[in-house]
Amino acid sequence: MTVTDSGFGVLTDEKIERSRLRNGVPERIPHAPHNYEVTWDGVRHFAQAYGDDNPLFCDREYGATTRWGGLIAPPAFHYTMGEDAAPKPDAETKALFRGDPFAGLGSYQAVMEFEWWRPLHIGDRLNCLRSQVGVVPKTSSFGGRSAHVTRAFIYDNARGEPCVIRRGTWINAERTASKKRKKETLEPEPYTPEQLAEIDAAYEAEERRGAVPRYWEDVEVGDPLPTKVKGPLVTTDVVVWHVGWGMQLTPNGAFGHAYKIRKKAPGLYPPNSLNIPDTVQRLHWEPERARELGIPTSYDYGAMRETWLTHLLSDWVGDDGWLWKLSVQHRGFNYMGDTTWLKGQVVDKRQVDGRNEVDIELWCENQRGAITSPATATVLLPTRSAPVELPDPPADTRDGILRYEMDRIAASAP
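Residue positions within a chain follow its written sequence, with the count starting from 1. Under the rules for a predicted model, residues below a pLDDT of 70 receive no local features and side-chain atom pairs below 80 are neither given nor counted, while totals for whole chains, interfaces and linings still include all residues. Only hydrogens and water are set aside; all other atoms, that is, all heavy atoms of the structure, feed into the side-chain values.

Under an unreviewed UniProt entry, the name given to the protein chain is MaoC family dehydratase N-terminal domain-containing protein, and the source organism is Gordonia amicalis.

So this is what it looks like as structure tokens:
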């Protein structure tokens, strides 16, 4: 029997079908990107924001000596870019996006996936087409009945060439069910001198393949990737991250500029303890706000861990390799004070259609031994006889890729 209850915070078949009407419809991006174009400063600030000093991303003279012919942006730099490519919505489209079908439900980012097809060079600009591509109802222990919503962010350059896709899946679940789950508690302890020395030693020992090619022939299944460390996480790290990443949810800008944004979207600025409107994102650096929402303390962004993993991979493949695919699951919080160890190993290698592929399992593990973000990646490596051939996107245009994504989600649905 079809459930038609439209009560607030209740997941119904009616709401799922209403959400499905949005599949494949371009959705406007509400504010300007942090970076309109790739610049040396923008790329350098982004790399510094996640602790990467790779000269391929930071030194123009070094970049000119590589196969890329100049400085290129780190893999996740597209997060900071993307001018809105959606057409101006007509009345029907505006009505379609009015209100949230899943209002009152808990929404949790579960997975973020990437595919990279072309590097970003200085002077490049990106357009971004954002669209929901799938809604899959599921029943799980996460929160009883839930709806898994996948959105695609398709980026192409000024020449119309697809460069990268980012696709994210969010779980929308009834809060009544999720509240029954045991809440995570946190009892932080100060770091000992020995623990801090171990972390510093890991920073000191960081490896970067750089200009020395890592050949496909030399890689074996079971090979470990050199461990990297990020942490202990402090508020300053989140501040510096925002310098490179931008604000994303609430646009950059302070005082009068923020006031103008707040007039349009007051819900993005709930009052703080002094009754002053402040960004919803402050739970990432304000422990009191996190606790108000039932979270033990402030925590990082999923995008930070995704970017940290690209750091591990880009250092391992070297200047001549290519990070093609990355899929990251977020299964736990990375709290203030936590240290994240980035680890990985080779699980497969093959040669397909001229590509020399290597599959890698990798993960983020905190100082308590908990894996917060397991991930998988596919990288392309040169051979001794041939350089890396960049992979082709599944279609030549963003509209074609959008159709491909919808078909892919539909084919994988139960």
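## Notes on the side chain of His148
A helix here means a DSSP run of H or I that spans at least four residues, while a strand means a run of E at least two residues long, and both kinds are numbered starting from the N terminus. The residue His148 is located in strand S4 (residues 144–157) in this model. Burial classification: accessible surface area is computed with a 1.4 Å probe over protein chains only, and a residue below 20% of its type maximum counts as buried, one above 50% as exposed, and the rest as partly exposed. Classification of His148 as buried rests on a relative accessible area of 16%. Within 3.5 Å is the distance limit for a polar contact, defined as a pair of N or O atoms, with the added protein rule that one can donate a hydrogen and the other accept it, and that residues adjacent in sequence qualify only through two side-chain atoms. At 3.5 Å, the side chain of His148 forms a polar contact with the side chain of Ser146. In this description, contact between two residues means that some pair of their heavy atoms is separated by no more than 4.5 Å. Setting aside residues no more than four positions away along its own chain, His148 makes contact with Gly134, Val135, Val136, Lys138, Thr169, Trp170 and Ile171.

## Some words on the packing of helix H8 (residues 235–245) against helix H11 (residues 302–317)
In this description, a line fitted to the C-alpha atoms serves as the axis of each element, helices being fitted only across the stretch in contact, and the angle between N-to-C directions of two axes falls anywhere from 0 to 180 degrees. Taken N-terminus to C-terminus, the directions of H8 and H11 make an angle of 75°; their axes are 12 Å apart at the nearest point. The orientation of H8 with respect to H11, classified from their angle, is roughly perpendicular. Only Ala303, Met304 and Thr307 of H11 make contact with H8, whose side of the interface consists of Asp237, Trp241 and Trp245. Classification used: nonpolar for Ala, Val, Leu, Ile, Met, Phe, Trp, Tyr, Cys and Pro, charged for Asp, Glu, Lys and Arg, polar for all others including Gly. In the contact of H8 with H11, the residues fall into four nonpolar, one polar and one charged. Note on terminology: angles under 35 degrees are roughly parallel, angles over 145 are roughly antiparallel, angles of 65 to 115 are roughly perpendicular, and the others are oblique.

## Focus: the pattern of salt bridges
A carboxyl oxygen of Asp or Glu within 4 Å of a side-chain nitrogen of Lys or Arg is what we treat as a salt bridge. One pass over the full model with this rule turns up 28 salt bridges. Glu161 is the salt-bridge partner of Arg159, the closest N and O atoms lying 3.1 Å from each other. When the shortest N-O distance is used, the salt bridge between Lys228 and Glu206 registers 3.8 Å. Here the residue Lys228 occupies a position in strand S6 (residues 224–230), and Glu206 occupies one in the loop between helix H7 (193–204) and S6, the gap between them amounting to 22 residues. A residue is classified by how much of its surface remains accessible, and Lys228, at 2% relative accessible area, is buried. What you see here is one network of salt bridges that share partners, running through Asp53, Glu206, Arg208, Lys228 and Asp315.

## Here's the deal with the packing of aromatic side chains
In summary, the pairing rule links any two rings of Phe, Tyr or Trp, Trp by its six-membered ring, whose centres are within 6.5 Å, and it sorts them by plane angle into stacked for under 30 degrees, edge-to-face for over 60 and tilted for everything else. Applying the stated criterion across every chain yields a total of 11 aromatic pairs. Ring-over charges, as used throughout, are those where CZ of Arg or NZ of Lys falls within 6 Å of the ring centre and within 35 degrees of the ring normal. One residue, Arg67, lies across the ring of Trp68, its end atom 4.3 Å from the ring centre. It is Lys349 that lies over the ring of Trp216; its NZ or CZ is 3.9 Å from the centre.

## Some details on the pairing of strand S2 (residues 106–116)
Strands pair, by our definition, only if DSSP identifies at least two bridges between them. In the sheet, S2 pairs with strand S5 (residues 162–173) via 10 bridges, with the strands oriented antiparallel. Across the sheet, the residue bridging to Gln109 is Trp170, located in S5. Where S2 and strand S7 (residues 322–329) come together, five bridges link them in antiparallel fashion. Its bridge partner lying in S7, Phe114 is registered against Leu326.

## Focus on the side chain of Lys228
In terms of polar contacts, Lys228 uses its side chain to reach the side chain of Asp315, at 2.6 Å. Non-local contacts of Lys228, meaning those with residues more than four positions away in its chain, are made with Glu206, Glu207, His311, Leu312, Asp315, Thr340, Trp341 and Leu342.

## Brief notes about the packing of helix H2 (residues 40–49) against H8
Think of two packed helices as two axes; the pair is described by the angle between the axes and how far apart they sit. Following both chains from N to C, one finds H2 and H8 inclined at 155°, their axes separated by 7 Å at the closest point. Between H2 and H8, the angle falls in the class roughly antiparallel. In the packing of H2 onto H8, the handedness of the crossing is left-handed. In this structure, H2 uses His45, Phe46, Gln48 and Ala49 to contact H8, whose residues at the interface are Val240, Trp241, Gly244 and Trp245. Each residue belonging to the contact of H2 with H8 can be placed in one class, and the counts come to five nonpolar, three polar and no charged. We call a crossing left-handed when the near helix sits turned anticlockwise from the far one by less than a right angle, and right-handed when that turn is clockwise.

## A word on the nonpolar core
Trp241, Leu313, Trp316, Val358 and Val379 are the most contacted members of the largest nonpolar core, which totals 75 residues. Among the elements that take part in this core, H11 stands out by supplying eight residues, more than any other. Apart from the residues lying within four places of it in its own chain, the contact partners of Trp316 are Arg209, Arg214, Val219, Pro224, Leu225, Pro226, Val346, Val358, Ile360, Val379 and Leu381. The nonpolar core is taken to be a set of buried Ala, Val, Leu, Ile, Met, Phe, Trp, Tyr and Cys residues, with the residues joined through side-chain atoms within 4.5 Å. The next biggest cluster of nonpolar side chains, apart from the first, holds seven residues, and it includes Ile16, Phe102, Val135 and Ala147.

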